[in-house]
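# Residue-level structure breakdown
Read off the chains here:
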Amino acid sequence: MSRSAHPAGPRHADVLTEGHYTAPPADLNALDPKVWAHTVSRNEDGVVSVGGIDVATLAEEFGTPAYFMDEADFRARARSWRTAFGHDADVFYAGKAFLSRAVVRWLHEEGLNLDVCSGGELATALSAGMPADRIAFHGNNKSTEEITKAVESGVGRIVLDSFQEIVRVAHIAQSLGKRQRVQIRVTVGVEAHTHEFIATAHEDQKFGIALADGQAAEAVRRALALDGLEVVGIHSHIGSQIFDMAGFEVAARRVVALLAAVRDEHGVELPEIDLGGGLGIAYTSEDDPREPHEIAKALNEIVTRECEAAKLRTPRISVEPGRAIVGPTAFTLYEVGTIKPLDGLRTYVSVDGGMSDNIRTALYDAEYSVALVSRASDAEPMLVRVVGKHCESGDIVVRDAFLPADLAPGDLIAVPATGAYCRSMASNYNHALRPPVVAVNDGEARVIVRRETEEDLLRLDIG
Ligand code: LLP
């Protein structure tokens, strides 16, 4: 189980000695490279910098809260997935983790493909010049408009998620005089060891078509019979923030078994399998994520072995990492506003953002780290809970962490590993203005998604 996604046990100060934080870290000024973006470091004056620019300068120029993304790190991680899988495989970055036009351009330049799951993501991808044939379109309930747009624009594949959708996509493609390349998403019946809300391959959930009881084989049968569709492969995604490769291996084995069954029944060898995304990242020093090359090796080996045993040609493999590419590349910078020590419990540190810029703690009980970044401190560690400014007691950003006891209003603190599913799941709760995303690279910082303004809010409110 991923500690970050699904920490065990109650979370009161009096049980902390039995839980995650048995002791404060040896050095509160240290920045664990596992959880911080590559170019983040603490300068001699104690101030933290990213991409060669210190956080005080960044806060002054761009304000807080704000997400700062290390472009070089993003590109390096994208490249390492690409290199690990090589030319006989495709890496589709999962746009739901975080998508903007700059990111689309980086991905294109680094040779990655893109997975989108809504008309909005598709529009973003196309507007930034991602070639349509390098885009895969996902979703369990794509609208007619979304399917039409996807087919018209020529997306490389649509991942079919239900029996209705098989017919729907076939009809739309045919009416547009096209034959759409599709994969069929199956649920392989694997219980991924992650938070229930982000596990997707056990049978009792909304995604995909079950392999069990022959449903997936029936889906392939129906799809092969329709002129509007070119069935190119099978897709499986077992969940998110997963550390254990075992689930992927079982999924790969079962998907290959379906390919063999399809060959036996129809005489057709489907040329592709997609094993989805879901690889976990380090949110705290306790997490030990796998490297892309280990993942590629494990998946290639299992698929090759199973295909040899079934006398199948090895299909082209694709994967869809989202979090593993973008997650570690950004941190959220906050300014400390108020500090409330609660005797015998902990100290509540309120920042100028909260659940509107990071819902993951409230939603999944996710764990995060935090550090004082505007200066170094030799003060004693203090047990804190970092909370936001929303009207809700569950508005927690970092549940349990240590910060120096001399923390003061006006200090800047940063929460690392917020590149994935933070800005993309941000909300306007309490009419908060969603923070900007600022890309930092080699001494230059530029806004890639600007901060919302009150005018933005009022523009939608036309009553
Ligand atoms: N492919 C498919 C079909 C997916 O549904 C997902 C994520 C991915 C790839 C990318 O998964 P990743 O590599 O990023 O784990 N909001 C949750 C995560 C939801 C993931 C949804 N699907 C969170 O904040 O943890």
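Residues numbered from 1 in each chain as written. Predicted model: local features only at pLDDT ≥ 70, side-chain atom pairs only at ≥ 80, totals over all residues. Heavy atoms only, no water.

## What to know about the overall build of the protein
To keep it simple, the criterion reads: Helix and strand definitions here come from DSSP, where helices need a minimum of 4 consecutive H or I residues and strands a minimum of 2 consecutive E residues; each element is numbered from the N-terminal end. Each residue is assigned to one of three classes by its accessible area relative to the maximum for its type, calculated with a 1.4 Å probe on protein chains only: buried under 20%, partly exposed between the two thresholds, exposed over 50%. Note on areas: these come from Shrake-Rupley sampling with a 1.4 Å probe, and a residue is covered only by the protein chains present in the view.
Of regular secondary structure, the protein possesses 12 helices and 21 strands. With the C-alpha coordinates aligned to their principal axes, the bounding extent of the protein is approximately 70 × 50 × 40 Å. Expressed as a percentage of the 463 residues in the protein, the buried residues total 56%. With an accessible surface of roughly 19,100 Å², the protein has 49% of that area assigned to carbon and sulfur atoms.

## A closer look at the sheet that holds strand S3 (residues 53-54)
Put simply, the rule is: Strand pairing follows a simple DSSP-based rule, namely that at least 2 bridges must link the two strands.
Sheet architecture is open: 3 strands sit in the order S1-S2-S3, paired in antiparallel fashion. The sheet is open, and its two edges are formed by strand S1 (41-42) and S3, each paired on a single side. Judged from the 2 bridges that link them, S1 and strand S2 (residues 48-50) form a sheet pairing that is antiparallel. Within the sheet, the bridge partner assigned to Arg42 lies in S2 and is Val48.

## Regarding the site of the ligand
Rules: For each residue, the test is whether any non-hydrogen atom lies within 4 Å of the molecule or strand; if one does, the residue is near. In the analysis that follows, any N or O atom pair within 3.5 Å is treated as a polar contact, provided that within protein one partner can donate a hydrogen and the other can accept it, and provided that, for residues neighboring in sequence, both atoms belong to side chains. Under the scheme applied here, ten amino acids are nonpolar (Ala, Val, Leu, Ile, Met, Phe, Trp, Tyr, Cys and Pro), four are charged (Asp, Glu, Lys and Arg), and all others, including Gly, are polar.
Every one of the 19 residues lining the ligand counts as a neighbour, but Ser240, Glu320, Arg360, Tyr364 and Tyr421 are closest to it. Contact distances for the ligand include 3.4 Å between a nitrogen atom and a side-chain N or O atom of Asp115. One of the side-chain N or O atoms of Ser240 is found 2.3 Å from an oxygen atom in the ligand. In terms of residue class, the shell around the ligand is made up of 6 nonpolar, 7 polar and 6 charged.

## So, the domain arrangement of the protein
Frequently, the measure chosen for interface size is the accessible area that the parts lose on association. The line we're drawing: Boundary definitions for the domains trace back to an automatic or database domain assignment. Accessible area that two parts lose when put together, evaluated with a 1.4 Å probe and summed over both, is termed the buried area.
Segmentation of the protein into domains returns domain 1 (41-70 + 328-460) and domain 2 (138-321). Using only C-alpha atoms to locate each centre, domain 1 and domain 2 end up separated by 36 Å. Overall, the association of domain 1 and domain 2 removes approximately 790 Å² of surface from exposure, summing both partners, and the carbon and sulfur fraction of that is 61%. One can count 2 residue pairs in polar contact (both at pLDDT 80 or more) joining domain 1 with domain 2.

## Some words on the nonpolar core
Here is the rule: The criterion is simple. A nonpolar core is a set of buried Ala, Val, Leu, Ile, Met, Phe, Trp, Tyr and Cys residues joined through side-chain atoms within 4.5 Å.
Ranked by size, the top nonpolar core spans 111 residues in total, and within it Phe74, Tyr93, Ile158, Ile184 and Ile413 carry the most contacts. With 9 residues, helix H8 (residues 246-266) is the largest single contributor of residues to this core. Counting contributing residues per domain, this core is built from domain 1 (41-70 + 328-460) and domain 2 (138-321), each supplying no fewer than three.

## As for the pattern of salt bridges
What counts is decided by this rule: Salt bridges are defined by distance alone: a side-chain nitrogen of Lys or Arg within 4 Å of a carboxyl oxygen of Asp or Glu.
Inspection of the entire model under this criterion finds 28 salt bridges. Note that Glu71 and Arg75 form a salt bridge whose closest N and O atoms lie 2.9 Å from each other. Residue Glu71 and its partner Arg75 are located together in helix H2 (residues 71-85), separated by 4 residues, close to a single helical turn. Using a relative accessible area of 9% as the deciding quantity, one classes Glu71 as buried. Between Glu165 and Lys142 there is a salt bridge; the shortest N-O distance is 2.6 Å.

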